[in-house]
Amino acid sequence: MIGLLLYNRKGAPLVVGLSIVAIGLTLWHQSKYGSEKVKVQVTDFRPNDIEKYEKCDKAFRPDSVAMSQSGYNIPVIPYDALDRFTVLTMVFNRLQSYRDVIQHYICMPFVDRLVLLWANQEVDPPTRESVNVSCSEKLFVHRLKSAALTRRFANFPEIQTDAVFNVDDDKLIPAGDVQHAFEVWKKYPWGVVGYEGRCCTGTAPNWSYGPYHISRTYRLILTSAAFLHREYLRLFDEKAPEEVRADIDRNKNCEDILMNFLVREHCKCSGVFYVGSGHFRFPKHIQHSGDLSHKPDHNAHRTGCVKKFLNLYSKTVNFTASKCFYV
């Protein structure tokens with residue numbers, strides 16, 4: 001047995017003994033209507049165990065050969081000893097709440113650094129001294145030259161870990177939920193692991209973007225709170241088409257959908273891992289009145305992005321749905 005420091009969903013520390021041999025995850029396969037649950041117990045991922053996962057995600061199998069020849073060092077086997085990740089968050093105009101976000105995440109013991117991307121072009125970024133929080137030595141502020149939304153996925157030199165936790169500046173995820181998603185990501189480092197799944201109902205070309213509960217399946221993981229491999233930031237920098245990036249920056253939407261498509265194209269698989277809704281809360285001084293996601297045409301615009309990307313990646317992306325729930 002070994003001792004492992006874990007946190008419950010409220011952030012309180014727990015000490016749990018784990019068997020070295022029997023460390024594992026549980027996969028839940030949920031039917032379309034949510035009435036049937038098939039429990040698939042798995043231990044450390046092995047290539048010959050893939051059929052267990054394909055019961056709830058037919059495109060689970062990553063193409064290890066294609067990935068190894070891609071020039072991007074993204075593994076298809078679990079990490080054994082990785083115990084740190086980088087928190088990456090971008091600040092535009094929420095100048096009253098970003099300190100709450102920093103304070104919430106930066107002292108979590110498994111956080112290596114918090115990299116704050118400062119996109120506001122009119123206000124100077126904060127310094128470690130001005131933020132005045134504990135663990136400030138882990139804070140790295142990167143001032144962006146523009147407010148382009150796609151810069152949230154740039155491969156910044158301040159990021160020193162393979163695991164990157166992308167989180168919006170209005171989400172405070174409890175430490176226990178963060179660690180849970182991190183443990184799941186270490187099993188599947190070739191994918192996007194997060195708390196918010198989205199589905200696209202219908203059939204081509206009549207796709208419709210919507211929430212997970214509509215069909216009890218998902219095809220996308222929102223990157224507003226999700227783990228990714230650092231190499232996917234470099235891949236996004238190098239592989240995202242310029243005209244698509246320009247459209248995203250102009251409309252300030254769909255950068256997360258594009259990342260999902262690039263992940264699928266790279267691994268030749270679904271690349272999405274849903275860990276259930278995080279019990280997040282908002283910072284004290286947050287205001288959502290002007291948020292893009294609250295605009296009446298938000299879902300319609302994202303439906304348009306899905307259709308556009310499906311056409312763009314029609315020959316390289318398998319857009320099948322997943323029913324897996326990783327716990």
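What comes next concerns the included structure. These numbers come from a predicted model, not from an experiment.

1. Things to note about the pairing of strand β11 (residues 208-211)
Then, in step 1: With four bridges joining them, strand β10 (residues 197-201) and β11 adopt antiparallel strand pairing. In the strand pairing of β11, C200 is matched with Y209.
Then, in step 2: Between the antiparallel neighbours β10 and β11 lie six residues, among them G202 with a positive phi of about 90°.

2. Remarks on the sheet that holds strand β6 (residues 111-118)
Then, in step 1: Spatially, the seven strands line up as an open sheet ordered β7-β6-β5-β8-β13-β9-β14, and their pairing is mixed. Two strands close off the open sheet at either side, each with one partner strand: β7 (139-143) and β14 (272-274). Strand-to-strand twist of the sheet, defined as the mean angle between neighbouring strand axes without regard to direction, takes the value 25°.
Then, in step 2: Docked against the sheet, helix α6 (residues 230-239) engages β5 (85-91), β8 (163-167) and β13 (225-229), running at close to 85° with respect to β13.

3. Comments concerning the state of the cysteines
Then, in step 1: Evaluated as defined, the whole model comprises four disulfides.
Then, in step 2: A sulfur-sulfur distance of 2.1 Å marks the disulfide that ties C107 to C135. Judged by the sign of its S-S torsion, about 120°, the bond between C107 and C135 is right-handed. Here C107, found in the loop between α3 (98-105) and β6, pairs with C135, found in the loop between α4 (128-131) and β7; they are 28 residues apart in sequence, far enough to count as distant.
Then, in step 3: The disulfide that involves C267 links it to C269, with 2.1 Å between the sulfurs. On the sign convention where negative is left-handed, the bridge of C267 and C269, at about -110° about the S-S bond, is left-handed. Neither C267 nor C269 differs from the other in exposure class; each is buried.
Then, in step 4: Across the protein, the disulfide pattern expressed with sequentially numbered bonded cysteines is 1-8, 2-3, 4-7, 5-6.
Then, in step 5: Of the cysteine sulfurs around C199, a residue in no disulfide, the closest is that of C200, at 6.5 Å.
Then, in step 6: Given the relative accessible area of 1%, C199 is considered buried.

4. Description of the pattern of salt bridges
Then, in step 1: Taken as a whole, this structure holds 17 salt bridges when the rule is applied.
Then, in step 2: With its nearest N and O atoms 3.3 Å apart, the salt bridge here joins R61 to E54.
Then, in step 3: Relative accessible area serves as the criterion here: at 44%, R61 is assigned to the partly exposed category.
Then, in step 4: Taking relative accessible area as the criterion, E54 reaches 21% and is therefore assigned partly exposed.
Then, in step 5: A salt bridge links D247 to R250; the shortest N-O distance between them is 3.1 Å. Within this pair, D247 and its partner R250 are both found in helix α7 (residues 242-251), separated by three residues, close to a single helical turn.

Rules and cut-offs
- Residues numbered from 1 in each chain as written.
- Predicted model: local features only at pLDDT ≥ 70, side-chain atom pairs only at ≥ 80, totals over all residues.
- Heavy atoms only, no water.
- Pairing = 2+ DSSP bridges.
- Helix = DSSP H or I, 4+ residues; strand = E, 2+ residues; numbered from the N terminus.
- Axes fitted to C-alpha atoms, helices over the stretch in contact; angles between N-to-C directions.
- Contact = heavy atoms within 4.5 Å.
- Disulfide = S-S within 2.5 Å.
- Buried < 20%, exposed > 50% of the residue type's maximum accessible area, 1.4 Å probe, protein only.
- Salt bridge = Lys/Arg side-chain N within 4 Å of Asp/Glu carboxyl O.

Limitation: the analysis is restricted to geometry and does not speak to function.
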